[in-house]
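Survey of secondary and tertiary structure
What follows is each chain in one-letter form.
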Amino acid sequence: MGDDSSKKEKKQKKDKKEKKEKKRERGDSDGDGRAAKKSAAAAVDGADAMGKQYGDDGNKSKSKTASTTTYTGVSWDTFDSTDFPDSIKHSLTSAGFSYPSEIQKKAWPSACEGKDVIAVAKTGSGKTLAFLLPMLHRLLLRKQGKGTLMSNNSGSGIPSPDGLVLAPTRELAIQIHAEAVKFGKSEGLSSVCLYGGAPAYEQKNALKAHLNDSNNSLGLIVIATPGRLCDLMQQKAVSLQSCFMITLDEADRMLDMGFEPQLKEVFAEVPAVPSETQQIGQGRQTTLFTATWPKAVRKLASTFLAEGKSVGEDGESTQKKHSAVRVFLGGGDGADAGELSANKSVTQRFIKAQDDEKDKHMYELLTNLKEGSRVVAFANTKRRVEMLSKTFWNFGFGTCAVHGDKQQKEREAALKKFTDNECPLMFATDVAARGLDIKGVTHVVNFDMARDVESYVHRIGRTGRAGELGESITFWNPDYDIACSPALCKIARDAGQEVPEWLQKYEKGKESKQWKVADAVLK
């Protein structure tokens, strides 16, 4: 009896063990299947997010690769090769430009034709004229009875622009407006800038002034921040019913700042994207310019642009006629699309300094700069920006300060002093890190470490713009900047920069969520 009972117990244990093993095997198999499904779905998403490039004749590229960052379409490599009239070419050369930037070479042909364009390019690449001049060109063609830009037939008595540029910050909106005036005023173009922090009635009057003189104007382009534009739309001060050209500039930054609800409100009021039966250029044209191409920006593009592929009942995919043309320069595509690219024209230097040593290092740095240098120094708080500006003013340097607590007129006055070289040392919070295109910035100082990788890349991008060289100096505090070290080392190495030995010691340390090495990739 005892032996039989013992054998029975052993058999039960063996059966139980076999059942567990079989269950584990099924679980592993299911896990692999789920992983495979996720991998396949990611691959499909990546392929869908890619889009095809267009050849010279407007047909799809024959390239079958799943991922590419090479633009294969038409490129206007010189001003003479563009379709712009002589007056615009003359304005470009008079402004000191010798040839188009890379983003302009590749974005202009498609944008001038009226196609949707997605452009991903590093900071300081000349994006502003890449979207402004095609708008101006299409308006000039319409005036001559040519092209495909629809007429502005709002007839509502409410000012209605022909083109709209949305920008995340008022400083960027003001700079874009200045370029629109510079290149468009002589052609008869009207442009109005709408942004918060300034009296709304003045902006309303500017819109009404165009309405009263619309017969003598080539057209109206509005440059706006999303919040102020939505406010004026609700007040019936501006209508978008006949706005057939729209540009989203710094689209990634707009999403970061939480403007997605305002963007949806804007696009609910504009004309629809062209149908498959319409010619290219008819219906709404949307161009999107961004420094990065993460998933959130891809989703934004798929929502608002005529992009992607149509899939038939047979499962075969075909390129839509109005699909957005994609131009990726250094920002990546496919799996690399979310990665940031620091400007390789900028020399990166690091100084180990605790907070009570930074003033001394800053003073030594400034006194050793060449005559004519211009410096933007970033700090993380408004209070510190003000304190530094006063401290170094007392040291005998011409300083100005820019931060969110200053009224708009004060910020504009500070920027003017800086650009006019009256105050060549500007202290700023990150409000100045994105979008501002100030020529001649020779040095950027990270007095306080940037809060994340993206902020760091865009801070140092204030120098080394438009083909010029620049230098960034970052104060690294061992008390609380250690977690930034792995990403800083990678960014510097990818740009061909020397990494100091003391910083290398922390390269293998634990990274923070805001300073992931995976987000610090250079092309």
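Residues numbered from 1 in each chain as written. Predicted model: local features only at pLDDT ≥ 70, side-chain atom pairs only at ≥ 80, totals over all residues. Heavy atoms only, no water.

Section: the overall build of the protein chain
What counts, and what does not: In this text, helices come from DSSP runs of H or I with a minimum length of four residues, and strands from runs of E with a minimum of two, each type numbered from the N-terminal end. Type-normalised accessible area, obtained with a 1.4 Å probe on protein chains alone, sets the label of each residue: buried when under 20%, exposed when over 50%, and partly exposed for intermediate values. Any two residues whose heavy atoms approach within 4.5 Å are treated as being in contact. The Shrake-Rupley method, run with a 1.4 Å probe sphere, supplies the accessible areas, and residue values consider only the shown protein chains as cover.
Helix and strand content of the protein chain: 16 helices and 15 strands. The proportion of buried residues among the 523 residues of the protein chain is 49%. Residue pairs at least 24 apart in sequence account for 76% of intrachain contacts in the protein chain once pairs closer than 6 positions are excluded. Entry remark: accessible area of the protein chain is about 25200 Å², with carbon and sulfur atoms responsible for 48%.

A closer look at the packing of aromatic side chains
Note the threshold: Pairing of aromatic rings covers Phe, Tyr and Trp, the last through its six-membered ring, and needs centres within 6.5 Å; plane angles under 30 degrees mean stacked, over 60 mean edge-to-face, and all others mean tilted. As a reminder, the over-ring test applies to NZ of lysine and CZ of arginine, requiring each to be within 6 Å of the ring centre and within 35 degrees of the ring normal.
What the rule picks out here adds up to 14 aromatic pairs. Taking 4.9 Å as the distance between ring centres and 80° as the angle between the ring planes, the aromatic pair formed by Phe84 and Trp108 counts as edge-to-face. Taken together, the residues span a long stretch of sequence, with Phe84 in the loop between helix 1 (2–50) and helix 2 (86–94) and Trp108 in helix 3 (residues 102–113) at a distance of 24 residues. By the burial criterion, Phe84 is buried, and Trp108 matches it. Taking the centre distance of 6.2 Å and the plane angle of 50° together, the rings of Phe392 and Phe397 count as tilted. Classification of Phe392 as buried rests on a relative accessible area of 0%. Three or more aromatic residues link up through ring pairs in this structure, and these residues are Tyr363, Phe392, Phe395, Phe397 and Phe427. In this structure, Arg374 is placed above the aromatic ring of Phe418, and the distance from its NZ or CZ to the ring centre is 5.4 Å.

Comments concerning the pattern of salt bridges
So the rule is basically this: The salt bridge criterion pairs a side-chain nitrogen of Lys or Arg with a carboxyl oxygen of Asp or Glu, the two atoms within 4 Å.
Applying the stated criterion across every chain, the model contains 17 salt bridges. Here Asp405 makes a salt bridge to Lys382, at a shortest N to O gap of 3.1 Å. In this pair, Asp405 sits in the loop between strand 12 (399–402) and helix 13 (408–419) while Lys382 sits in helix 12 (residues 382–394), placing the two residues 23 residues apart along the sequence. The partner of Arg459 in a salt bridge is Asp430, and the shortest N-O contact between them spans 2.8 Å. Of this pair, Arg459 sits in helix 14 (residues 453–460) while Asp430 sits in the loop between strand 13 (425–428) and strand 14 (443–446), and the two are 29 residues apart along the sequence. The residues Arg459 and Asp430 share a single accessibility class, namely buried. Salt bridges sharing partners connect three or more residues here, namely Asp355, Lys358, Arg384 and Asp448.

Points about the sheet that holds strand 10 (residues 346–352)
As a reminder of what qualifies: A pair of strands is considered paired only if DSSP assigns at least 2 bridges between the two. Lines are fitted to the C-alpha atoms to define the axes, a helix being fitted only along its stretch in contact, and any angle between axes, read from their N-to-C directions, falls within 0 to 180 degrees.
Ordered in space as 10-15-14-11-13-12, the 6 strands form an open sheet in which the pairing is parallel. Of all the strands in the sheet, just strand 10 and strand 12 have a single pairing partner and so form its edges. For this sheet, the mean inter-axis angle between neighbouring strands, taken without regard to orientation, is 20°. As paired strands, strand 12 and strand 13 are joined by 4 bridges and run parallel to one another. Bridge assignment links Thr399 to a residue of strand 13, and that residue is Leu425. Packed onto the sheet, helix 14 meets strand 10, strand 11 (375–378), strand 14 and strand 15 (470–476) and runs at close to 150° relative to strand 14.

Examining the sheet that holds strand 4 (residues 219–224)
Spatial ordering of the open sheet is given by 3-4-2-5-6-1-9, a layout of 7 strands whose pairing is parallel. Sheet topology places strand 3 (189–194) and strand 9 (325–329) at the edges, where each strand pairs with a single neighbour. Taking the axes of each pair of neighbouring strands and ignoring which way they run, one obtains an average angle of 10° across the sheet. Sitting on the sheet, helix 3 is in contact with strand 1 (117–121), strand 6 (285–290) and strand 9, with an inclination near 180° to strand 9.

Description of the environment of Gln241
Turning to its location among the elements, Gln241 is positioned in the loop between helix 7 (226–234) and strand 5 (245–248). Separated by 79 residues in the primary sequence, Gln241 and Asp162 have C-alpha atoms spaced 9.4 Å apart. Excluding residues that lie within four positions of it along the chain, Gln241 makes contacts with Ser160, Glu269 and Pro271.

Details of helix 7
Among all positions in helix 7, only Pro226, Arg228, Leu229, Cys230, Leu232 and Met233 are buried. If you follow the buried residues of helix 7, they end up packed against strand 2 (163–166), strand 3, helix 6 (200–212), strand 4, helix 8 (251–256) and helix 9 (260–267). Lys236, located one to two residues past helix 7, shows a positive phi value of around 60°.

Side note on unusual backbone geometry
In this model, Lys236 sits at a positive phi of 60°, which is unusual for a non-glycine residue. Here Lys236 is to be found in the loop between helix 7 and strand 5. Owing to a relative accessible area of 60%, Lys236 belongs among the exposed residues under this scheme.

Thoughts on the pairing of strand 11
Here strand 11 shows two buried faces, one formed by Val375 and Ala377 and the other by Val376 and Phe378. One ladder, built from 4 bridges, connects strand 11 with strand 13; its direction is parallel. Its bridge partner lying in strand 13, Phe378 is registered against Ala428.

Looking at the environment of Glu276
Turning to its location among the elements, Glu276 is positioned in the loop between helix 9 and strand 6. Separated by 45 residues in the primary sequence, Glu276 and Lys321 place their C-alpha atoms 6.6 Å from one another.

Digging into the confidence of the model for the protein chain
Test applied: Every residue carries a pLDDT, the predictor's confidence in it, which falls somewhere between 0 and 100.
When the pLDDT values of the protein chain are averaged, the result is 79; 77% of them are 70 or greater. Predicted confidence in the protein chain is weakest over strand 7 (residues 309–311), with a mean pLDDT of 36, and strongest over strand 2, with 97. Across residues 20–70, where pLDDT falls below 50, the model places 49 contacts with residues more than four positions away in sequence or in other chains. The low-confidence segment residues 308–318, where pLDDT is below 50, has 16 contacts with residues more than four positions distant or belonging to other chains.

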